[in-house]
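Spelled out, the chains give:
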Amino acid sequence: MKFLLPSIWLLLLFPGSALSSAFEFDTVEFREDTSLKSVTNTRIAGSHVKIHMPNLPYIASAHAINGSLVRPADNERGWEYYMATSHKQITPTLYEFSLRQGVRFQDGTPFNADSVVLNIEHYQKQPYTFSRMHIVLDRAEKIDDYTVRFHLKEEYGLMMYDAIWLLFYSPAYLEKFGWNGKPFCPNLAEAGPYGLGPYILKEGYIEGDRRTPTAELVRNPYYWDPNSPKVDRITIIMDISSAEATELTLNTEGNIDITPIAFGDVMGTIFSPYGKLMRRASNNNYLARFNLFTGHPIFREVEVRAAINRAIDQQLLAALSMNGEGKPTYVSLSERFYGVKESMARLPAPRKESSLNKQVQAEIIAVIDKYKPKYGFEEEEQVPLIILAQESPLFLLKDIKYFLEQVNIDVTLEVVSDESEMFANNLAAIRGENARAFDIVLWPNFDWIRHPWSSFFIFHSETGWSTFEPGSDDVMDQHIKRFFATSSSDPHYIQVLADLSYHIYQQNYVLHLPTPHATFALNKEVVFTPSVSAIYPLWDIQVSDLHWSVRQGEYPSEHLVPIAIQDPREVDHGPKLESAALSPPLP
């Protein structure tokens, strides 16, 4: 297979473009991805894969180690049965689950309805609080050994999505640690055979606010599915930079097999000796919220926040900063979530203007200047703005900085070494205790339930993640409560989602930023399709017999040839709505 060298990049950004026909350069030979044909869909003894997880590793790895009633899936509803085999909603507040039989925890302890009830009792003592599950859940009831019912206090449209994160632990673990009660999803506080998943956490720990530099996972001999997992050992690496991980994946063997890459590394990945490119449209976004607790008080003004958003050109960020690997949004919310595209169609269209237009810039500057005297700024003085973030979105932050400096905002990029430090300061600001000063905190917000709530949870004033003081935005509270109560199958769901999104848009609590595609570099002998969300389905990873962990001898020189570009971005267009899309507005 041959391509003109300069046309490859054009084809990546503009598939089908005629632009490349204007150039004539040397051709480049590509080869077929033979790993797809050589895998056996069965376990290969001694196989070992190393994965770089720079963002949300406690979410990305959770369902490979732990078990829950349902787990995330790339289907229209966003989940599939896991420790449950079926369920039914008996009444609006009563859910019944049938459990998988013959399942054991990783230490050999049986899993049954008693296990579920015991875990729910511990959860209610120390729950996670990023949703309303801890408020609406009354109790779990054992019906028989493999049937359990969940009694709710009120209707709750997120029940099946919350069930994704009701992870179950062995009695030995619960006796030792219980549930941690942290604002993050719970995860194992130490290594051991405590979960139900296909992999045992053998060394290290991975939680939202603490983690070891690496973690070792080994195959669970008690796992209920004999065809899973297919790789014996997985090393999760969290302590190196994205640039270093990319270099190791592309130019060496045995160091990193899978890593997300920056958009600027797409070309290097295509032509690397040991790596290949995998790209997908995703449900992910960037959450960049204003610090309304300890940030500069000028940003508590809605007009100032709106001016900041107007200064940031989403079209240019998507086309240039993200090399075309992103899409502008209404409120940093992926259109691939259930009902988002339909609900956005009901809202007033945002302005279409370039923030580099001098007249637009003058209008933005005038808004900011209006508030300067109130907050002690001199007329010609620039307004300082500190953005707290990790290293991975630095490419985006530099361009945001450029846009804002055109309207006299003096931007400082406060880059932290790891995710835990960023989240610790983010949560501490709500209590007025953040160690690092910041006005905006930005993190790659990787979807964890294929539902808009993974972007909206920061607007729930009853949790530690809230963006504003409880009681300071009663309208938002009403929208959130209505959203919680409305199932995505409800005929009013589209309008409820539209109303909530429009209020977020009007209040400008977050920067409105493009949603990114998922771009990964893989070792050429690894077969792995990344999820459209944050979850890494480690149980689906396979290696060919030429993978470094199992082959004998050197890697064949003919395999160093670039692999033809894999581009499944348009295969999965996200969930589709039929009758719900035509639902009437709420009265």
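Refer to the structure above for everything that follows.
Keep in mind that this is a model prediction, so the values were computed, not measured.

(A) Layout of the overall build of the protein. Counting secondary structure elements, the protein contains 19 helices and 23 strands. What you see for the protein is a C-alpha radius of gyration of 24 Å, in line with the 25 Å of a compact globule of 587 residues. C-alpha atoms of the protein, sized along the principal axes, occupy 70 × 70 × 50 Å. Burial statistics for the protein: of 587 residues in total, 57% are counted as buried. The long-range share in the protein, meaning contacts at least 24 apart out of those at least 6 apart in sequence, stands at 72%. Entry remark: accessible area of the protein is about 22800 Å², with carbon and sulfur atoms responsible for 51%. Put simply, the protein has 52 plus and 73 minus side-chain charges, and the middle of one group is 3 Å from the middle of the other.

(B) Examining a negative patch on the surface more closely. A cluster of acidic residues, Glu378, Glu379, Glu380 and Glu381, forms a negative patch on the protein surface. Structurally, Glu379 is set in the loop between helix H14 (358–371) and strand S17 (383–389).

(C) Spatial organisation of the sheet that holds strand S7 (residues 94–99). With respect to topology, four strands assemble into an open sheet ordered S6-S7-S9-S8, the strand pairing being antiparallel. With partners counted over all chains shown, the strands left at the sheet margins are strand S6 (84–91) and strand S8 (137–144), one partner each. Averaged over all pairs of adjacent strands, the angle between strand axes in this sheet comes to 20°, irrespective of strand direction. Across six bridges, S8 lies against strand S9 (residues 147–152) in antiparallel orientation. Within the sheet, the bridge partner assigned to Ala140 lies in S9 and is Phe150.

(D) Up close: the environment of Asn357. Within the secondary structure, Asn357 is located in the loop between helix H13 (340–344) and H14. Accessibility expressed as a relative area gives 38% for Asn357, which makes it partly exposed. In this structure, the C-alpha to C-alpha distance between Asn357 and Ala311, residues 46 residues apart in sequence, is 9.9 Å.

(E) Main features of the pattern of salt bridges. Within the structure shown, the criterion is met by 28 salt bridges. Asp232 is paired through a salt bridge with Arg43; the nearest N and O atoms lie 2.6 Å apart. With Asp232 in strand S12 (residues 231–237) and Arg43 in the loop between helix H2 (35–38) and strand S3 (44–52), the pair connects residues that are 189 residues apart, well separated along the chain. Taking the shortest distance from any N to any O, the salt bridge between Arg71 and Glu80 comes out at 2.7 Å. When its relative accessible area of 9% is taken as the criterion, Arg71 is described as buried.

(F) Helix H9 (residues 242–251), seen in detail. Every buried residue of H9 is listed here: Ser242, Ala245, Thr246, Thr249 and Leu250. Buried positions in H9, seen along its axis, are confined to an arc of 120° and lie on one side of it. Of the surrounding elements, those touching the buried residues of H9 are S3, strand S13 (258–260), helix H10 (266–270), strand S14 (275–280) and strand S21 (518–523).

Cut-off values and rules
Residues numbered from 1 in each chain as written. Predicted model: local features only at pLDDT ≥ 70, side-chain atom pairs only at ≥ 80, totals over all residues. Heavy atoms only, no water. Helix = DSSP H or I, 4+ residues; strand = E, 2+ residues; numbered from the N terminus. Rg over C-alpha atoms; globule rule 2.2 N^0.38 Å. Buried < 20%, exposed > 50% of the residue type's maximum accessible area, 1.4 Å probe, protein only. Contact = heavy atoms within 4.5 Å. Areas by Shrake-Rupley, 256 points an atom, 1.4 Å probe, with all protein chains shown as cover. Lys, Arg positive; Asp, Glu negative; His and termini not counted. Charge placed at Lys NZ, Arg CZ, Asp CG, Glu CD. Patch = residues over 30% accessible without salt bridge, like charges linked within 9 Å, V, L, I, M, F, W, Y side chains within 5 Å. Salt bridge = Lys/Arg side-chain N within 4 Å of Asp/Glu carboxyl O. Pairing = 2+ DSSP bridges. Axes fitted to C-alpha atoms, helices over the stretch in contact; angles between N-to-C directions. Arc of directions from axis to C-beta.

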